[in-house]
Every structure is written in C-alpha cells, then in structure tokens.
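# Secondary and tertiary structure notes
In case you want the letters, here they are:
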Amino acid sequence: MLTVIVRERPGPLRLLLAWKGSVVPHILPHILLTGMFAAAVTWVSRHHYLDGMVDYTLLPFTIMGIALSIFLSVRNTATYDRWWAARKHWGHMVYEFRSLARTGTIYLSPERRRELLTRCLAHAHLLRGQLRGEDVRSDLPGSLAPELIDQALSTRNPAAFMLHRAGDVLAEAHKAGDLDSVATAAVDQHLHGLAGIQAASERIALTPLPFAYTLLAHRTAYVFCYLLPFGLVGVAGWFTPVFTAIVAYTFFGLDRLSEQLEFPFGRHTNDLPLDAICRIHEISVAEALGDPAPEPLQPVKYQLQ
Amino acid sequence: MLTVIVRERPGPLRLLLAWKGSVVPHILPHILLTGMFAAAVTWVSRHHYLDGMVDYTLLPFTIMGIALSIFLSVRNTATYDRWWAARKHWGHMVYEFRSLARTGTIYLSPERRRELLTRCLAHAHLLRGQLRGEDVRSDLPGSLAPELIDQALSTRNPAAFMLHRAGDVLAEAHKAGDLDSVATAAVDQHLHGLAGIQAASERIALTPLPFAYTLLAHRTAYVFCYLLPFGLVGVAGWFTPVFTAIVAYTFFGLDRLSEQLEFPFGRHTNDLPLDAICRIHEISVAEALGDPAPEPLQPVKYQLQ
Amino acid sequence: MLTVIVRERPGPLRLLLAWKGSVVPHILPHILLTGMFAAAVTWVSRHHYLDGMVDYTLLPFTIMGIALSIFLSVRNTATYDRWWAARKHWGHMVYEFRSLARTGTIYLSPERRRELLTRCLAHAHLLRGQLRGEDVRSDLPGSLAPELIDQALSTRNPAAFMLHRAGDVLAEAHKAGDLDSVATAAVDQHLHGLAGIQAASERIALTPLPFAYTLLAHRTAYVFCYLLPFGLVGVAGWFTPVFTAIVAYTFFGLDRLSEQLEFPFGRHTNDLPLDAICRIHEISVAEALGDPAPEPLQPVKYQLQ
Amino acid sequence: MLTVIVRERPGPLRLLLAWKGSVVPHILPHILLTGMFAAAVTWVSRHHYLDGMVDYTLLPFTIMGIALSIFLSVRNTATYDRWWAARKHWGHMVYEFRSLARTGTIYLSPERRRELLTRCLAHAHLLRGQLRGEDVRSDLPGSLAPELIDQALSTRNPAAFMLHRAGDVLAEAHKAGDLDSVATAAVDQHLHGLAGIQAASERIALTPLPFAYTLLAHRTAYVFCYLLPFGLVGVAGWFTPVFTAIVAYTFFGLDRLSEQLEFPFGRHTNDLPLDAICRIHEISVAEALGDPAPEPLQPVKYQLQ
Amino acid sequence: MLTVIVRERPGPLRLLLAWKGSVVPHILPHILLTGMFAAAVTWVSRHHYLDGMVDYTLLPFTIMGIALSIFLSVRNTATYDRWWAARKHWGHMVYEFRSLARTGTIYLSPERRRELLTRCLAHAHLLRGQLRGEDVRSDLPGSLAPELIDQALSTRNPAAFMLHRAGDVLAEAHKAGDLDSVATAAVDQHLHGLAGIQAASERIALTPLPFAYTLLAHRTAYVFCYLLPFGLVGVAGWFTPVFTAIVAYTFFGLDRLSEQLEFPFGRHTNDLPLDAICRIHEISVAEALGDPAPEPLQPVKYQLQ
C-alpha cells in the first residue's frame, strides 16, 4: 500500500550541518574569497595605510543592503513560482493519467484502452527525456511497437509525436463508429491536458528569466560584498571577515538558489523528481490494466530522482 | 440546522497567554538557550574580558536583520500558499460531492446513484488515510462490499482504486444503454474533479519546499540570533538577554510556523481538519440519499480534527 | 435605471476625522494605554530612576520594527485575499443567476423556469442566513411552497438542500423527456457554479488563518509597543508618549484590520453587503420573469448592508 | 491595417516634467502645505524657541517610514490588481465578440447572426454607460429596434436586459429546431462569458477597498509628513522643507495613485479606455458582418478615452 | 531530434562583464552623469564652500531609499507579470496548434485539416507582424491562396480575419453534414483558444502601466540619486562618486528593466522570441501534415529572436 510518508524533519544540529541539498558547496569558494578579501582590508586598515582615504561609515550600506534584499527576494519569488508551476504541471499529469484510465474503461474496448494508455505512458517518458536531454528508450513500455519508437525518435519532438499517435487510437475508434463524438471529445480532453503540460514544461525549460535580471542581481551582490569590508572595518575590527562572510553567504546563497530553481527539470538536488513521477504513472497504468505494478522509486538520502 | 458559527475571538489577555495552537512550546528551549547565551556574553562583557576584541556596533545587524526578515516572509508566503491551496482543494471536494448527488438524481437510477456516492465517500476516507498514514478501514461506509475494501487496501493507491471503481458504475450504466454519452460525461466530470483533488493533495504531501530554502532560512536565523548579543551588549547592557530572546522568538517562531504549514495534512494544531471535512461529506451523502445523517464533528478546544 | 454610482471620495479633513468604518474605535483603549505607559516611563526616566539600568538605544527597535512591519503585511495580504475572494464569489453569483435566467428561457418551459429560479433565489437567501447565523425565513420568495421551506430548515444544510431541489426541476424535465442531456448539462452547469460558491463561502467562514499566525503577530506587536518607550525616552523626551501612541495606532490598526477581513461575512463595517447582493438577485429574477422588481438597497452612511 | 503601435517612450527630460497623467496636479497643494509647515518649523527651531522641548532624533522616523512604505505598497498592489483585472475583463470581451462572430458563422443563419451580434454590441455600450454613469443611447447600433432600446433603458439593468435579448435569438432558433442543443450551448457559452465580464465589472465598480484601509494609509501618511520636520530640523537645517516636500510627494503620490486605480472605469487620466474598446468591438462586428468598419479611436495626447 | 538544451550558465567573470542583454548600455550615460555630479559636490564640499549651508546626515536617505526600493520592486513585479503572462500565452499557442492537429486527425478530412492548419499558421504569423509592426507577408505559408492574403492585409485586423477564415473551414464541413455539432464544437474550442491568445497579446501590447506609475518611480529615483551626494559627502569623502554611481546603477537599472519588460513583444534583448515560437508552430504543422519540417531557429549569442 502506497502510503504517503510525511518526511521526518532532521534535528536542529543536522540542519545546521547538512551539506547535501545545500547551496553551500556551490558558493563556498566565493564566500572564502570574500572573507579573505575582508581580512586583507582589515589588516591594511589596522596598519593605518587607509587613513585619510577611507573615512565613510556603514550607513550607505544599509540603503544598498535593503535594496538588494528586496530585489533578490523579488527574483527569488519569480524563480520559485517557475519551480512550483513545473511541479504542479507534473502532478497534474498524474491525474490526467488516472482520468484517462477511468474514462477509457467507460468508453473504449480493452485493446484500444491498453494501446492508448501505453502510448500516453511513452509520451511521458519521452517528454522527461527531452526536458533532461537524456536517452529514455530503455524506459519506454515494452509492449510498444518498436517501429513506432524509431519513428518517434526520428522526429523533432518525439513526445508530441507520440501524443499524436495516442490521438490516432481515438480517430480509428471514431471512424469505425465505435465511439460517438461526445465520448471522443471526453477522452480527447485528457490528451489535451497532456499536451498542455508538455507546452508548459517546454515554456519553463526554454525561457530563462530575462537575462538582465540575473545580471543586475549578480552584479549588485558582488559589488556589495566586496565594498562591505571598507564600511565594516571601522566598527567591527577583526570581526570584519566573519561578518562579511556571513553576509556573502546570505546573498550569494539566495542568488544561487534562485538559479537552481529557474530550471527545475535537471538533475540537481533541488530539481523535480521526474523519474519518480513517471514511475507513478507506470503504477497507475499497470493497476488500471490489471498488470503487475512496479515498485515506486524510493528516495535516496531524502531525495527522489 | 448547521449554522456556520463565527468563531469568537479570544480577549487580548487570552491571546497573549494562549499556549495551545501557539508555536511557543516547540521553540521555547531554543529561545531560552539563546537568552542564556546572551546573558553569558553580557556578563563577560561587563567584566571587560572582551575589551579590545569586540568593538563593533549594532549597525551591521540592521542589514542582516532586514535581509532575514524579508527572506523568512518570502518563505512563509510560499508555505502559507501550500496550506491554503490544500484547504481550497478539500473545500472543493465538498462541492464535488454535492454536485455528484445532484447530477446523480438527474441521470442515474437510485441504486446506481447510491453505489456511486458510497464509493466516492470511501475514496475520500481512503485519501485521508493515505495522507495521514492512518488506518481508516473502520470509517469506510458500512454498505460497501467488504471484498471491494480488501481489494482496495491491497493496491498501492487505494483511493485511486476506489475512484476507478466509482467510474465502473458509470461504465456499466453506459454499456447497458441507460446513460447516454453526454450524461456520462456530465457525471464523470465530477469524478475528474475528485481525481484532481487527490493529485493536488499528493503533490503537496510529497513535495517539500526545496531543501536549500529551509537550510538557508534556518542557518541565517541561527547565526543571527547567536551573534546579536555581541552587537547589543554595548548599548543594551543587561537588557541584552531580554532583547535577544524576543528577536529569537520572532525569527524562530516564523521559521517553525512555516514548517508546520509546509505539510498541512498531519495532526498538528495548525493542520487541516480532514476528519471534520469527511464528516461533512458523510452528511451530504446521507441527506442526499435520505439516510439519517451523522452529527458534524465539534471543535475540541477551538480546534477541529 | 440602475446606474453604478461611483462613490464620492470624502475630503481630506473628513478622511482624517472619519470614525465610522475606521478601526480606531476598536483599538483606542489599547492606544491610550500604551501612551499612558510611555508617559509613565518618561516621567520615571526624567527623574533619573532608571539611570544605570537602562542605557540602550533605539537601534534594536529598528530591526524588530521592520520585521514586524513585514510580517503584519504578509498576514494582511492573506486576510485581504480572503475578503476579496469572498467578494468575487458573491459577485460571481450575480452572473450565475443571470445566465440561469437566460439559459432557462432557451431550454425550459415558463413554469419550470420560474420554479428553478425561485428555488435558486431561496438558496442564496438561505446561504446568507447560514453564513451570518441569522433567520432569513421572512426573506424567502413568497411563491415557494411552505412545506419545502420547513423541510429545508430542518436539514443540517438548508442552502445545499434547496439547491438540490432546484436540481429536481431539471431531473423531472429530463425524465419527462422535455430536456435532452445536453440542455440539462448546460443548465446544471450553473447550479454547479452556485454549489461552488457555497463551498468557497463555507471554506472561508469555517477556516480561520492558522491560529499561530494571529498569535505571533499579536504578541510581537504588543511586546514591541510596550518596550518602545524605553528606547525612545533617551532621544525623544516628552514626545515619547506621542510617538508610542502613533506607532501603536499603525501596528494595532493593521492587526485589527486583518482580523476584520479574516471573516468577511459578518455585519461589521468592512464586511460584505450580502443583503444588497441578494436584493440584486431578486431584481434579476423578477425582471427575467416579468414580475415587478423591488428597489435596490441603498447604502446607509456610505455603507451597504 | 490596424498595426499595434508600440508607444514611444518620452525622453528623460519630458518624463521629469510631464504634467498630464501625473498625480502631481492633484497633490501639489498638499505638498506645498507640508513644505511650508516644515519651513515654519525650521524657522522656529533656528531661533531656539523649541530648545528643551524638542530633542529627539530622526531614528524613530525610520521605523515609521518603513512601516508606512510597506503598507502603502500592499495597498497599492491591491488597487493595481483591481485595475488590471478590469483591463483583463474588457480585453476578454474583445475575444468573446470575435468568437461569437465565428461560431455565429458556423451555426446560425445570417439574419440571426446579425441580430445576435447587434444586441451584444448594444450590451457592451450599455454596460459602458452604466459603469460611467453616462447616456450612451446615441452610440447604440442604428439597426437595433428603437422599442427594444426604450424597453432596455426602462429596466434597472439595461446591459443585463440586452444580453438576455441576445439569448432570445438563440431561444427562437432552438425552439424553431434550427439549432440543436449542442450548437446552442456552444454559442451561449460566449453570452455566458459576456455576463461574467459584466458581473466582474460591477463587482469592481461597486466594491471599494475596505474603508479602514484607506483611512489607515491616509492618516499614517499625514501624521508622518507633519511630524517629519521636527525630526529633520536638527540635522538638515534649511534643507528640511525640501526633504519634507520630497517625502510628501512620494507618500501622497502613492496614496493618490492607489485611489485612482481603485475605480478604473471613470474618465480620469489613468482610467481604462472603454470608448476605444467599444470601438474595437464595433470594428470586429462590422468586419464579421461585411459592413463598412469605423475608424479605431486615436489616442489624444498619448491617451485613449 | 529536438532536445531541450539547458542553457549553460556563463562563469562568474563573464557574468560580471556581460554587455549584451544587460541594461547597462542604456543607462550608462545617466550613471556617469550622476557620478560626475557627485564628484563636483565632493570637490565643492572639500573646499568648504558648503559649510554652514549643508549639515544634514545620511539618515533621511535611509527612509527615502527604502521607500524607493519597495516601490520599484512593486512596479517591477507588475511588469514582470506582464512579460511572463505574454510568454505563457505564446507557449499556450504551441499547445493549441498540437491539439488542433490531433483533433483535426480525428474529425476532419485530410484536405480540410490541411486548410485549417495552414490558416491558423497564417494567423500566428499575422499576429506576430501586428504586435511587432513588421511586414510578415513573406513568412506566410506558400500554400495559402494569395487573394486570401491580400484580403486579410486589407482589413484592420488581419490576424482576426484569418482566424475567422479558419472558422469557415469548420462552417463548411458542418453545413455539408460532414461534421456533427459536437465535433465542430470540439475543434472550434481550439480556435477559441487562439482568439484568446490574440486578445491577451493585444491587451498587453496596447495597455501600458498607468503612466503615473512610471512617472512616480522615475522622478523619485532621479531626485534620490542627485540628492544622495550631499548626504554622502560628509561621511564618504572621495568615495562619494563611487557610491552614488553604484546606487544609481541599481535604481536606474531596475527602472529601465521594468520598462523593457512592460512591452515584451518588441525586438529588444529581453523581449520574447516570437520568431522562434512561430517556427515551432511551422514544425508542429509540417510534422502533423507529413510535410518536410524546417529547422528550428537557433539562438544567436545566447538569444532567440
């Protein structure tokens, strides 16, 4: 029985030290560099080499820091919305599959229903392959005609091709008079749903945020973190490198996290578990057809693939 | 008569002292620890052991504090949206049940309508069980065939299985010629609605926020609260521990609240009252079928289960 | 002719002094209490009784004040969304009524159309009664069979019952062969719309924001306003009580406004004009049936009921 | 050929000096008053009349200023959403008209199609008239029966009446057996769309933001701007009036802009160009019917009516 | 095979120095001017010419800076939403084309299906031309009747005209009895979808943000950046021009970025790749018809046209 296991929350210490899934590994070099730069500034300042040159206080940084925080948050909200929209569409797919199986039972003959579901399953795998740039031939349902697979893989958009072939099943049944127009439209509405999910996924995968967004956020964060030591050194002394590193962690971390969420279909730690979702489709289809269902994919280190 | 009782607002003093439903019990140890740490820093500082080592002011904390506030709010908005989306979907379910009862009256025979509604009710209970990891067999409608229940519980996704069986009622009626394609599609649209609610619930239950989000928020809040005493001690003296504890309450409280809202299907104080909603379905179905309706669940200490 | 009168904006002075519709009456005692407390702190401070005990500055309050502002705004956005969603649903109802009248003309006989519209009108009144906890029997359409009203009021959910009875009109027409499945589905879609509005209204009326939200906002605002005088007294002297009262007005006002918007179906000044909306339905139905239409409700002191 | 002309951006100097479309004309008296008050405070302060009475610093204003900024932005987002929602609905109307023309070609006879489109066009004009409180009789299509116009104008809601009459065209065709139920439902769906746009427009036009919102924003902005000179005068000297005026411009400007966006159907500079949109409908209908199409309305001084 | 290539992220140095796609080229003159003005202020201040005249501190700028940051972010969110909505609609178009091809296979004869798809393709090109103000005659499908093209280009709205002609294909098939009402409605629903995309695109292209928005943001940013040197010069000395330039970069950059996103259909660097999307339609249509498909457009310098 597939029970939804509510993920156990790691304890506070584990949270503080977690490495996997964190953005720290990606930005650590930058944080260290910033900290070392701040240490150098402090050393120079303590030896009075900057006297007469640098006498400004921390106040200007407050204005810039707040502007930067707000801007990074706006960008973060935009990328998080992409990630969550992608998640929603792929969750929606689960539901189109189940409704396809159900309406298939109502209106179609068992053979046609099996063929329709198999082609839709192949569509989902092919879409996953396209979004990740991976070869998914070995994951396609075994009962699919090999020449259909070859034909699909030779087109520009195999997933769209395969969905079109699922439509052919309806076209045949309709032309043979086994399916009236209403029933055809009722089943086709779920294929329309699948086509919508593909279009939404392609839109997210192919359209980055406006590049100027990324540039503006990135540059302001850099300039801020490399100027900060000059402002801090007067009041914070040798704590300057520590502070600078912490601020760099917050701003670079948010910057990098936004980047990871921008394209949610890859294989990074925070990307969507497309493999596991496709397995859920396989289970739905198998149970609907009365075939033996495969095991759901298990998370590896708290993480689904 | 089911009147919607507008919940009485507790008085200001009760609000200040409320314990149940508050996040305070969960974070009190952390708050106390932070306060004690701040007291130690103050004691050390008052005895001049930090002189020459610590001479920075509070200003850097303003920048960090604002960045942290903004970031915690962004995360909080994201988790609140999950909570409210979950609530919306389960409220939507009430309305699919009522419309199922109404369209059932229009198009179906009384026996088929009863069977359809009973299976949908079982679907709702099974979904609740899956989301909470609880055994709901005893809550399933008594009129349901026991072998159907056994069969459902032996599958990977009993709720999906049961909804499929509700579809079988339509398939039979359609194949028997009692239901034309239009009427079938009209009733099936509500089953499609129920499938959508299940998919949305599973999506929320199975997909945490990106883990890096939680890490970034958690770590920045910790570092901030443990550094704050060093900044405060110069200006706040023995009020340092009090201030530190208040700030820790705000930030840890928001952090913990976000976590509770992230997975809204559990049995915590702020989780959704799935039991009470399922009871509302039972009442809807019973009244629609002319059966005696059970009592609605009453809140226990201002709280529905 | 019902012209939409754009509400005249009161002049600046009237705006400053407006009492009705303001939250000031509700929070004035709290504001005064805070101000008096601040005055006491100032008096004590001016007599040097706090010397050596209190020497912290205003800076820590900046951090807390900003965090509190952001948090109150997030909560306010959430409650405003509930208020506006409730308004949208009840505005949507207007449109379902008009479309019911129009499709009724197309597909139904005049008697059935009248009965359908009358029952839907009763549904709207009953829903209003349930949401407000008021007795609406006298507002129900006179042409409705009294035993139907009695029956409705004896059920747990009279509004849902009445909508179901509206569906019975369609069921009869469909069974008598006067209405084909397509036409039935076309009219029923508007009943489905009304059911959706009821479910959404019940969801908003029955689900408060997570209680921990209210607690966190409330407590932080209180603690902030009672600590503020200690921070202000050093720099603001006898202006301390004035400032404290103004800040208390802003924060307590936002807190209270959020509470009022949280449950928008009551009879507070900022709640929704359900009576006036139901009157609009009555006018729509009367004009559609060719009956004399009642007058629209007029705002009393700029306010619709 | 109607090409969408991308509006040329005015140069930076023109932007700085633009008067039309700006909120400055509306708030200039207030700004000047605030500035003059600040000048008076400065003069008094420079002559030491306030010594011993006023000795507080600018810091408390930071807290209040930030709280006010956040709150004004929240309110602004809410009013902007209303404005944009209104724009969306009226843009949606364009598309319902085009689809009505297209489905009319498919299913209806030319005479019925012409009558249907003419009545829908009259509906749009009447709705515009109701929202703006203007007499639009002269804008109604000439081919409409005068007694129908008289009848419409004598009802409480002429736009709803006229849409109902558009539905009569379908009812006749359906009763005459010229239109099957499916085709009727397909065309009626666009009338349903128009009814939805009317309901949404009425909702926006009739429901102001909660009045307490406006009061809270307005009062806090006033109090802030009139207290600010006392805080500034110690550090800014004779620049106090300049600063106060600039801050007043920002806060009063945002306050007034929010008010203008709150009711977007009027004839203010930032209101929606309902006249131009109705002209677009006239062109769509004329081209669909093969009649000579009128010219689109041209913007006057960068502005459509 | 069309694999979705995940765009490689440029390295940190490239990001810092990127010119193309950045807003820097557009605002550099302004930034330099601000910096030079700040240098002049610093020079004058260092020679004590401002003594006695200017003695205010940086604190007032904090309030204004935060208000400005929040306001620019609110405006930026609004323009980003327009950009993303435009992107969504044009991505949606891909999916309407694929579903048109699929339902065409089910219900239409090959000739009618080819004509329908060709006219829809022409519609997409014509819409692109109208939105960009470009001549797209040479991009129209070669198999389209030239007189149809001439006729389209002579109307006020060629894209709407062409979509209407696509509807004619359905009207003919329906009148000839080859297509029942249900099938007609099923195919027409996708034409309705295309009409919706056109209406949404026109709405975005023709409706700027309220002009007062742009004015308020622009003016406040200008005033802020030209006053800032006076506040900075006391604490930052010769770093004043550097700081002023950085702040100007952030605020002017955000201001300009918002403007670019406001009208997303042009040919600026951050505008939408309409050409590439139309090519995707061409590929979809060609593959659906069994014709040789053209190559997808390749990005030039990381950028699709």
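Residues numbered from 1 in each chain as written. Chains lettered and ligands numbered in written order. Predicted model: local features only at pLDDT ≥ 70, side-chain atom pairs only at ≥ 80, totals over all residues. Heavy atoms only, no water.

- As recorded in an unreviewed UniProt entry, chain A goes by the name Bestrophin, listed as coming from Marinobacter fuscus.
- Taken verbatim from the UniProt record of chain A, the Subcellular location (unreviewed entry) comment is "Cell membrane". (UniProt positions renumbered as here; feature names shortened; annotations may be inferred.)

### A closer look at the overall build of chain A
- In terms of regular secondary structure, chain A is built from ten helices and zero strands.
- Counted from the first residue to the last, chain A has its helices and strands arranged as α-α-α-α-α-α-α-α-α-α.
- Among the 305 residues that make up chain A, the fraction classed as buried is 66%.
- Contacts spanning at least 24 positions in sequence make up 75% of the contacts within chain A whose residues lie at least 6 apart.
- Of the roughly 10700 Å² of accessible surface on chain A, 61% is carried by carbon and sulfur atoms. (Helix = DSSP H or I, 4+ residues; strand = E, 2+ residues; numbered from the N terminus. Buried < 20%, exposed > 50% of the residue type's maximum accessible area, 1.4 Å probe, protein only. Contact = heavy atoms within 4.5 Å. Areas by Shrake-Rupley, 256 points an atom, 1.4 Å probe, with all protein chains shown as cover.)

### What about the interface of chain B and chain A?
- In this assembly, 71 residues from chain B lie in contact with 80 residues from chain A.
- Both faces considered, chain B and chain A share a buried interface measuring about 6600 Å² in area, 68% of it formed by carbon and sulfur atoms.
- Its largest share of buried area at the contact with chain A, chain B owes to I63(B), R156(B) and R219(B), together 13% of the area lost on that side.
- The tally of links between chain B and chain A comes to three salt bridges.
- Across the chain B-chain A interface, the total number found is 14 residue pairs in polar contact (both at pLDDT 80 or more). (Buried area = accessible area lost by both parts, 1.4 Å probe. Salt bridge = Lys/Arg side-chain N within 4 Å of Asp/Glu carboxyl O. Polar contact = N/O pair within 3.5 Å; in protein donor to acceptor, adjacent residues only side chain to side chain.)

### A word on the environment of I106(C)
- On the secondary structure map, I106(C) appears in helix α3 (residues 59-107).
- With a relative accessible area of 1%, I106(C) lands in the buried category.
- Spatially, the C-alpha atom of I106(C) lies 9.8 Å from that of V187(C), the residues being 81 residues apart in sequence.
- In contact with I106(C), other than residues within four places in its own chain, are G167(D), L170(D), A171(D), H174(D), K175(D), T184(D) and D188(D).

### So, the relation of the copies chain B and chain C
- Its rotation angle being 72°, the transformation that places chain B on chain C also includes 0.0 Å of axial translation and leaves an RMSD of 0.0 Å. A rotation of that kind, with that shift, is consistent with a five-fold axis. Closest approach to the rotation axis among the C-alpha atoms of chain B is made by V182(B), whose C-alpha sits 5.4 Å away. (Least-squares fit on C-alpha atoms with pLDDT ≥ 70 in both.)

### Section: the side chain of R75(D)
Residues and elements named next belong to chain D.
- Looking at where R75 falls in the secondary structure, it is placed in helix α3 (residues 59-107).
- Only 2.8 Å separates the side chain of R75 from the side chain of D255, close enough to count as a polar contact.
- Once you skip the residues sitting within four places of it in the chain, R75 turns out to touch L209, Y213, T214, A217, D255, S258 and E259.

### A short note on the relation of the copies chain B and chain A
- With an axial shift of 0.0 Å and an RMSD of 0.0 Å, the rotation relating chain B to chain A amounts to 72°.
- Of the interface residues in chain B, just 8% have counterparts in chain A that sit at the interface too, so the contact is made through distinct surfaces.

### Notes on the interface of chain B and chain C
- Between chain B and chain C, the residue contacts involve 80 residues of the former and 70 residues of the latter.
- Buried area between chain B and chain C, summed over both chains or domains, comes out near 6500 Å², and the portion from carbon and sulfur atoms is 68%.
- Run the count over chain B and chain C and you get three salt bridges.
- R156(C) serves as the salt-bridge partner of E295(B), at 2.6 Å between the closest nitrogen and oxygen.
- Applying the counting rule to chain B against chain C returns twelve residue pairs in polar contact (both at pLDDT 80 or more).
- Elements represented by at least two residues in the side of chain B that touches chain C include exactly α1 (12-17), α2 (24-46), α3 (59-107), α7 (181-206), α8 (211-236), α9 (240-262) and α10 (274-289) of chain B.
- It is α3(B) that contributes the most residues to the side of chain B that touches chain C, 27 residues altogether.
- Residues that form the side of chain B that touches chain C fall into these classes: 48 nonpolar, 19 polar and 13 charged. (Nonpolar A, V, L, I, M, F, W, Y, C, P; charged D, E, K, R; others polar.)

### Some remarks on the packing of aromatic side chains
- Evaluated as defined, the whole model comprises 60 aromatic pairs over all chains.
- Ring centres of F61(D) and F224(D) lie 5.9 Å apart, and the angle between their planes is 75°; this geometry places the pair in the edge-to-face category. Of this pair, F61(D) sits in helix α3 while F224(D) sits in helix α8 (residues 211-236), placing them 163 residues apart in sequence. Each member of the pair, F61(D) as well as F224(D), carries the same accessibility label: buried.
- Centre to centre, the rings of F37(E) and F230(E) are 6.2 Å apart; their planes meet at 65°, and the pair counts as edge-to-face. With F37(E) in helix α2 (residues 24-46) and F230(E) in helix α8 (residues 211-236), the pair connects residues that are 193 residues apart, well separated along the chain. (Phe/Tyr/Trp six-rings, centres within 6.5 Å; stacked < 30°, edge-to-face > 60°.)

### With respect to the UniProt feature "transmembrane region" (unreviewed entry) in chain A
Residue and element names in this part refer to chain A.
- If you check UniProt for "transmembrane region" (unreviewed entry), the listed places come out as residues 23-44, 56-74 and 221-252 in our numbering.
- Across residues 23-44, helical content stands at 95% and strand content at 0%; the span's end C-alpha atoms are separated by 32 Å.
- Helix makes up 91% of residues 221-252 and strand 0%, and the two end C-alpha atoms of the span are 7 Å apart.

### Details of the confidence of the model for chain A
- For chain A, the average pLDDT comes to 85, and 87% of its residues sit at 70 or higher.
- Scored below 50 in pLDDT, residues 1-7 of chain A shows 21 contacts in the model against residues more than four places distant or in partner chains. (pLDDT = per-residue confidence, 0-100.)

### Thoughts on the nonpolar core
- The biggest cluster of nonpolar side chains holds 477 residues, and the ones touching the most others in it are F224(A), F224(B), F224(C), F224(D) and F224(E).
- Among all residues touching F224(A), those that are not within four sequence positions of it are F61(A), M64(A), G65(A), L68(A), V247(A), F251(A) and I63(B).
- The next biggest cluster of nonpolar side chains, apart from the first, holds ten residues, and it includes I70(A), I66(C), I70(C) and I66(D). (Core = buried A, V, L, I, M, F, W, Y, C linked by side-chain atoms within 4.5 Å.)

### Topic: the side chain of S99(B)
- Of note, S99(B) is situated in helix α3.
- The class of S99(B) is buried, set by a relative accessible area of 0%.
- Excluding anything up to four places from it in sequence, S99(B) contacts G104(B), H190(B), H192(C) and A195(C).

### Looking at helix α2 (residues 24-46) of chain C
- In this model, α2(C) (23 residues) spans 31 Å end to end at C-alpha, consistent with the 33 Å of a helix rising 1.5 Å per residue.
- Its maximal kink placed at H30(C), α2(C) deviates by approximately 25°.
- All of the buried residues along α2(C) are V24(C), I27(C), I31(C), T34(C), G35(C), A38(C), V41(C), T42(C) and S45(C).
- Where α2(C) is buried, its residues touch α8 (211-236) and α9 (240-262) of chain C together with α8 of chain D.
- Positive backbone phi, at 60°, marks H48(C), one or two positions downstream of α2(C). (Expected span 1.5 Å × (residues − 1). Bend = angle between axes of the 7 residues up to and from the residue.)

### Digging into a negative patch on the surface
- A grouping of D81(A), D81(B), D81(C), D81(D) and D81(E) is seen on the molecular surface, where their side chains present a negatively charged patch.
- Mapping D81(D) onto the fold places it in helix α3.
- Accessibility expressed as a relative area gives 44% for D81(D), which makes it partly exposed. (Patch = residues over 30% accessible without salt bridge, like charges linked within 9 Å, V, L, I, M, F, W, Y side chains within 5 Å. Lys, Arg positive; Asp, Glu negative; His and termini not counted. Charge placed at Lys NZ, Arg CZ, Asp CG, Glu CD.)

### What about the pattern of salt bridges?
- In this structure the tally under the stated criterion is 80 salt bridges over all chains.
- Between R128(A) and D275(A) there is a salt bridge; the shortest N-O distance is 3.1 Å. One end of the pair, R128(A), is in helix α4 (residues 110-132); the other, D275(A), is in helix α10 (residues 274-289), with 147 residues separating them in the sequence.
- One salt bridge connects D188(C) with R102(B), and the closest N-O pair in it is separated by 3.0 Å. Of this pair, D188(C) sits in helix α7 (residues 181-206) while R102(B) is found in helix α3, placing the two residues in two different chains. When sorted by exposure, D188(C) lands in the same class as R102(B), which is buried.
- Salt bridges linked by common partners bring R128(A), R132(A), E134(A), D139(A), R267(A) and D275(A) together as one network.

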